[in-house]
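Here is what each chain is made of, one letter per residue.
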Amino acid sequence: MSHHCHDEHDHSHGGHDEHDHSDDITPALQFSLYQHIDFDGVTALNEAEYGLGKAVVKKTWAERLTAEPELASDVDEQLIVNVPFTGQVKLHSILLRTSDSDSAPKTLKVIINRDDVDFGVAEETSGTQEFELSRTGEVQELPVRRARFNAVRRLTLFFPDNFGDGEEDVTRISYIGFKGEWMQLGRAPANILYEAAANPGDHKIKGTSVNQMSSGIGGRGPGV
């Protein structure tokens, strides 16, 4: 398991010299990937209320300390958040804000460029990188091993546990953000992007399966 981000914290802050004239918020936004997130394709599995995962990812840096909306898990402490991008990115770091409580996630496993990740797959795969998180209300910046994240189209964030050590069934996350570099591609893999974002209902969802239920409303019947 990879150590916490503080050891590598300085790696995500290159190139600040040209922003010395600006206020405190600009350095944080320098490598922001916010405008390159495919928000329509963001999904969360085991969320207590449909759409909260997307709402947390949609928070801007300026809204990072706001209490609501907040993503909370449903039937147990595990959460999966799928975040597709509108193209290919070089990921530098992941930003999280949780809380100083038992409901704060304890571990994060990151998986890239897969659109078939349910809880079974997430637990079985070793993932691209794993982090030990802190129990804090401050924003945590988690620098990734960049060589592994230099061609990212889609991120899956798997939170398998929290600081309740089995005593707290609800995991809560209030902010998720990303830093990195946008890559302009001469031949963008458009078909891959569409496939990655088009089938959120194919994932297994704990609790009431809103996406799977909705697939039958249009008259198609149960999925194969």
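Residues numbered from 1 in each chain as written. Predicted model: local features only at pLDDT ≥ 70, side-chain atom pairs only at ≥ 80, totals over all residues. Heavy atoms only, no water.

**Re the overall build of the chain**
Each helix and strand counted, the chain has five helices and nine strands in total. Overall, the chain shows an N-to-C arrangement of helices and strands of α-β-α-β-β-β-α-β-β-β-β-β-α-α. In the chain, which comprises 224 residues, the proportion classed as buried is 46%. A total accessible area of about 11,200 Å² is found for the chain, and carbon and sulfur atoms account for 47% of it. (Helix = DSSP H or I, 4+ residues; strand = E, 2+ residues; numbered from the N terminus. Buried < 20%, exposed > 50% of the residue type's maximum accessible area, 1.4 Å probe, protein only. Areas by Shrake-Rupley, 256 points an atom, 1.4 Å probe, with all protein chains shown as cover.)

**What about unusual backbone geometry?**
Across the junction of Glu-68 and Pro-69, the peptide omega takes the value -5°, indicating a cis bond. Positionally, Pro-69 belongs in the loop between helix 2 (52-58) and strand 2 (71-72). With phi around 70°, Asn-46 is a residue other than glycine that occupies positive phi space. One can find Asn-46 in the loop between strand 1 (43-45) and helix 2. Non-glycine residue Asp-165 carries a positive phi angle of around 50°. Take Asp-165: it is sitting in the loop between strand 7 (152-159) and strand 8 (172-173). Residue Asp-165 is classed as exposed on the basis of its relative accessible area, which comes to 56%.

**Examining the nonpolar core**
With 32 residues, the main nonpolar core has Ile-94, Leu-108 and Phe-178 as its most contacted residues. Residue assignment for this core shows that the elements contributing at least two residues are helix 2, strand 3 (79-97), strand 4 (107-112), strand 7 and strand 9 (175-183). Setting aside its immediate chain neighbours within four residues, Ile-94 contacts Leu-108, Val-110, Gln-140, Glu-141, Leu-142, Val-144, Leu-157, Gly-177 and Phe-178. (Core = buried A, V, L, I, M, F, W, Y, C linked by side-chain atoms within 4.5 Å. Contact = heavy atoms within 4.5 Å.)

**Things to note about the confidence of the model for the chain**
For the chain, the mean per-residue pLDDT works out to 80, and 69% of the residues sit at or above 70. Segment residues 188-205 is flagged for pLDDT under 50; beyond a separation of four residues in sequence, or across chains, it makes 29 contacts in the model. With pLDDT under 50 throughout, residues 207-224 is counted as low confidence; its partners more than four residues away or in other chains account for 15 contacts. (pLDDT = per-residue confidence, 0-100.)

**Notes on the packing of aromatic side chains**
Evaluated as defined, the whole model comprises four aromatic pairs. When the ring of Phe-85 is compared with that of Phe-178, the centres are 5.8 Å apart and the planes differ by 80°; the resulting orientation is edge-to-face. Of this pair, Phe-85 sits in strand 3 while Phe-178 sits in strand 9, placing them 93 residues apart in sequence. For Phe-85, a relative accessible area of 1% puts it in the buried group. On the basis of relative accessible area, Phe-178 is assigned to the buried category, the value being 4%. (Phe/Tyr/Trp six-rings, centres within 6.5 Å; stacked < 30°, edge-to-face > 60°.)

**Examining the environment of Val-89**
Among the secondary structure elements, Val-89 is positioned in strand 3. A sequence separation of 65 residues divides Val-89 from Arg-154, and the C-alpha atoms of the two residues are 9.1 Å apart. Excluding residues within four positions of it along the chain, Val-89 makes contact with Leu-33, Phe-149, Asn-150, Ala-151, Val-152, Glu-181, Trp-182 and Met-183.

**Focus: the pattern of salt bridges**
Applying the stated criterion to the full structure yields six salt bridges. Salt-bridge contacts for Glu-70 lead to Arg-172; the nearest nitrogen and oxygen are separated by 3.2 Å. Of this pair, Glu-70 sits in the loop between helix 2 and strand 2 while Arg-172 sits in strand 8; the two residues are 102 residues apart in sequence, bridging distant segments of the chain. Among the residues examined, Glu-70 registers a relative accessible area of 22% and is labelled partly exposed. Judged by relative accessible area, Arg-172 falls into the partly exposed class, the value being 33%. The partner of Asp-165 in a salt bridge is Lys-106, and the shortest N-O contact between them spans 3.3 Å. With Asp-165 in the loop between strand 7 and strand 8 and Lys-106 in the loop between strand 3 and strand 4, this residue pair connects regions lying 59 residues apart in the sequence. With a relative accessible area of 32%, Lys-106 lands in the partly exposed category. Each of Asp-100, Asp-102 and Arg-135 takes part in salt bridges that share partners, so that together they form one network. (Salt bridge = Lys/Arg side-chain N within 4 Å of Asp/Glu carboxyl O.)

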